[in-house]
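Each chain, written out:
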Amino acid sequence: MISPRLAVPAVLCLVLGFAAGRSLHLPSSSETDTKPSTQPGPSFSTPSATSRSGASTGTTKPSISGSTSAGDITDFAAFFKAGIRKAGGNYFRTRMLRRLTDQVPPERLEEAVNALKDIRGWEGSVLRGELLSEWASRDLSAALVHAEKIQLPDEKNQALSTILGIWAESDEAGALSYLRANAKNSRTINIWMTVLGSIAESDPMRALALAQSESGLGGRRHSFVSGIFNRWAARDPEAAAREVLNLKPGNDRQNAISTTASAWANTDMDAATAWVRTLPEGRDKNAAIQSLAIQLAQRDPAKAMELASTIGAGKQRGNIIAQIIRQMAQTDAASAVTYVQSLPSGGSRNRAMEALAQSWSESDPAAAAAFVLAESSGDNRINQLSNSLSQWAMNDREGAVQWIESLSEPTLRDQILSRVSGSIASQDLAQALALAAKITEKDARSSSYQNIASQYAQQDPEAAVRWLKTLSDPDLAAQVAGNIVNAIAMNDPGEALRVAQSLTDPKVRKNAIVSAVGQLAYSDPALAASAAMSITDEPDRIQAVEQLMNTWVREDSHSASLWLEKLPNGTLRDWAVSNFVNQATREDPEASAFWAATIGDANIRNNAIENATRQWMRTDKAAALRWLASSPLPEDRKLRLSK
């Protein structure tokens with residue numbers, strides 16, 4: 001989360017004897033009303049108008065043999081769609097898509113990027129990334145202006161990530177200045193990753209220092225540190241291995257050691273394994289062994305099992321064994337079956353069974369399903385069969401359906417149909433609806449309709465809404481409404497809210513609005529807040545506000561705290577602040593503790609204070625205990641917490 005410190009109620013600072021603004025941010029009216037600039041501005045320098053290969057702006061890119069000339073491409077959208085169809089499921093489809101972008105003349109890059117507005121999914125991401133990368137290397141300012149105008153948050157952040165990575169290659173200071181000023185929510189995490197990764201290519205120590213010092217990275221710091229060591233170990237594993245041991249003990253170090261071992265193993269498995277064996281016993285070593293064992297399983301499962309056995313019995317070893325079994329089943333299913341059958345009953349065997357079923361289903365789904373049916377039981381059997389048959393249905397829908405319908409146990413058949421219905425609906429909605437109607441168990445039938453609704457709304461939102469309005473069971477309609485609205489919100493949160501508000505049945509409308517609020521909070525939290533507060537029933541309104549806080553605090557905790565300040569005292573505010581504290585405590589436990597103390601309800605307040613204080617004590621125990629002494633927490637709970 002990259003934002004100003006959380007706003008803390010001024011009245012609380014005075015009550016508890018702290019000077020307002022001393023260490024916690026208390027925004028002035030100007031700070032509240034002013035948004036950061038989204039333009040690079042005169043203080044940001046930009047690279048010269050040259051490509052990464054050093055070509056001037058006017059130089060035409062080399063084209064592949066037989067490529068289309070600039071004059072031949074009259075409709076880039078049609079050109080790209082034809083190329084995507086040709087690439088199909090080809091193993092080299094990424095390379096084929098990139099070759100399409102090689103045929104775009106430099107002077108028409110903007111036109112080509114704009115033509116991708118209706119091309120979504122993985123193919124659109126590949127094409128967009130390649131074109132924006134070339135555009136940014138030639139005309140950074142123009143590419144940046146284009147990216148800032150993109151409306152969809154994920155697409156915008158992907159574009160900015162590409163552009164900022166190019167910028168950082170030639171102007172680290174300018175890229176970092178722009179990023180600090182404009183990256184304001186958790187969705188921009190990939191942009192930071194790209195920029196620091198670009199710096200790490202030439203100066204990993206500099207990138208590491210930035211990752212450890214940037215205040216806005218908060219609880220996501222480990223992702224950046226690991227990413228830096230991944231790049232470093234790929235180039236100079238011995239140097240990375242020496243430096244990673246200088247990190248302070250904790251999650252950053254554990255993840256970085258594991259990443260270093262994995263990257264080293266890509267070039268020299270024996271050397272990486274030898275280094276890991278020298279590490280002190282404990283969590284760091286076990287995590288590194290897990291990374292190596294999973295990689296080793298691809299080439300030598302038996303040796304991977306031997307390495308995994310050096311970790312003491314428990315959940316971690318069980319997870320490693322499951323991943324090794326997954327690899328083993330792809331090349332030697334008989335050996336994987338024998339190994340799984342040798343395991344004693346318990347969690348490790350269940351995880352290994354599930355991994356075997358998923359992997360085996362790729363080559364022989366009927367045999368995998370029959371094995372699970374015979375060897376497993378209870379909820380584990382339902383979960384394992386559901387996963388296996390969902391995968392089977394994606395490749396052979398009729399075969400999977402016939403196998404499910406042949407089951408003699410009605411309850412098991414209903415449960416499996418319920419869970420596989422989403423995979424079936426992605427290919428044939430009519431068949432999925434017909435199968436759902438055959439399910440006799442009420443909860444299973446409801447779950448099936450919800451899975452189908454999600455697929456229906458992705459394929460045809462308007463038709464899905466019309467279908468929703470035909471459902472005669474109001475309870476079922478209320479459950480399905482949330483799935484439909486969530487699916488619509490993935491592409492258009494505003495439209496999802498409009499759909500929710502158009503529904504007439506009160507219960508259906510409420511469920512839909514609650515779902516819309518959670519999605520809309522990513523792109524327009526103010527509108528989401530207004531929608532949540534429009535719900536008349538207080539328990540339902542509280543539920544919507546909790547959904548709002550879950551997202552808003554992660555995206556922009558500062559703005560969320562300013563909104564909380566305007567809420568009147570009462571149950572709604574208490575639950576909203578409690579949810580805020582739960583989400584914000586990792587980012588700023590000190591401010592979260594102050595907020596927790598403002599809750600009116602004693603039980604809610606005490607739980608929130610304890611939650612925030614425990615997190616604060618991990619970073620500054622002395623300060624946390626000083627605050628705790630004057631907090632409204634009961635004395636017996638203070639004593640228990642301070643031990």
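Residues numbered from 1 in each chain as written. Predicted model: local features only at pLDDT ≥ 70, side-chain atom pairs only at ≥ 80, totals over all residues. Heavy atoms only, no water.

Engineer: Just to check I follow, could you spell out the overall build of the protein for this structure?
Structural biologist: A tally of helices and strands in the protein yields 36 helices and 0 strands. A total of 643 residues make up the protein; the buried ones form 50% of that total. In the protein, the proportion of contacts linking residues at least 24 apart, taken out of those at least 6 apart, comes to 61%. (Helix = DSSP H or I, 4+ residues; strand = E, 2+ residues; numbered from the N terminus. Buried < 20%, exposed > 50% of the residue type's maximum accessible area, 1.4 Å probe, protein only. Contact = heavy atoms within 4.5 Å.)

Engineer: Help me understand the pattern of salt bridges, please; the structure alone is not making it clear to me.
Structural biologist: If the charged atoms of two oppositely charged side chains come close together, the side chains can form a pair. Applying the stated criterion across every chain, the model contains 21 salt bridges. When the shortest N-O distance is used, the salt bridge between Asp-270 and Lys-303 registers 3.9 Å. Of this pair, Asp-270 sits in helix α15 (residues 269-277) while Lys-303 sits in helix α17 (residues 301-308); the two residues are 33 residues apart in sequence, bridging distant segments of the chain. Look at Lys-303 and you get partly exposed, because its relative accessible area is 41%. A salt bridge links Glu-398 to Arg-397; its shortest N-O distance comes to 3.7 Å. The exposure class assigned to Glu-398 is partly exposed, which follows from its relative accessible area of 38%. Owing to a relative accessible area of 19%, Arg-397 belongs among the buried residues under this scheme. (Salt bridge = Lys/Arg side-chain N within 4 Å of Asp/Glu carboxyl O.)

Engineer: Please clarify how the nonpolar core should be interpreted in this entry.
Structural biologist: The nonpolar side chains of a soluble globular protein tend to be buried, and buried together. In terms of nonpolar packing, the biggest core is built from 196 residues, with Phe-80, Ile-484 and Met-549 touching the most fellow members. Those residues in contact with Met-549, other than ones at most four positions away along the chain, are Ala-560, Trp-563, Leu-564, Ala-576, Asn-579, Phe-580 and Gln-583. (Core = buried A, V, L, I, M, F, W, Y, C linked by side-chain atoms within 4.5 Å.)

Engineer: Teacher, can you tell me more about helix α21 (residues 365-375) here?
Structural biologist: Given 3.6 residues to a turn, an α-helix orients residues that are three or four positions apart in the same direction. When we look at burial in α21, the residues that qualify are Pro-365, Ala-368, Ala-369, Phe-371 and Val-372. For α21, the arc enclosing every buried residue in end-on projection is 160 degrees, short of the 170-degree limit, so these residues lie on one face. (Arc of directions from axis to C-beta.)

Engineer: Would you mind going over the environment of Gln-341 with me for this structure?
Structural biologist: On the secondary structure map, Gln-341 appears in helix α19 (residues 333-342). Judged by its relative accessible area of 41%, Gln-341 is partly exposed. Here the alpha-carbon distance between Gln-341 and Ala-352, two residues 11 residues apart in the chain, equals 9.7 Å. If sequence neighbours within four positions are ignored, Gln-341 has contacts with Arg-349, Phe-371 and Glu-375.

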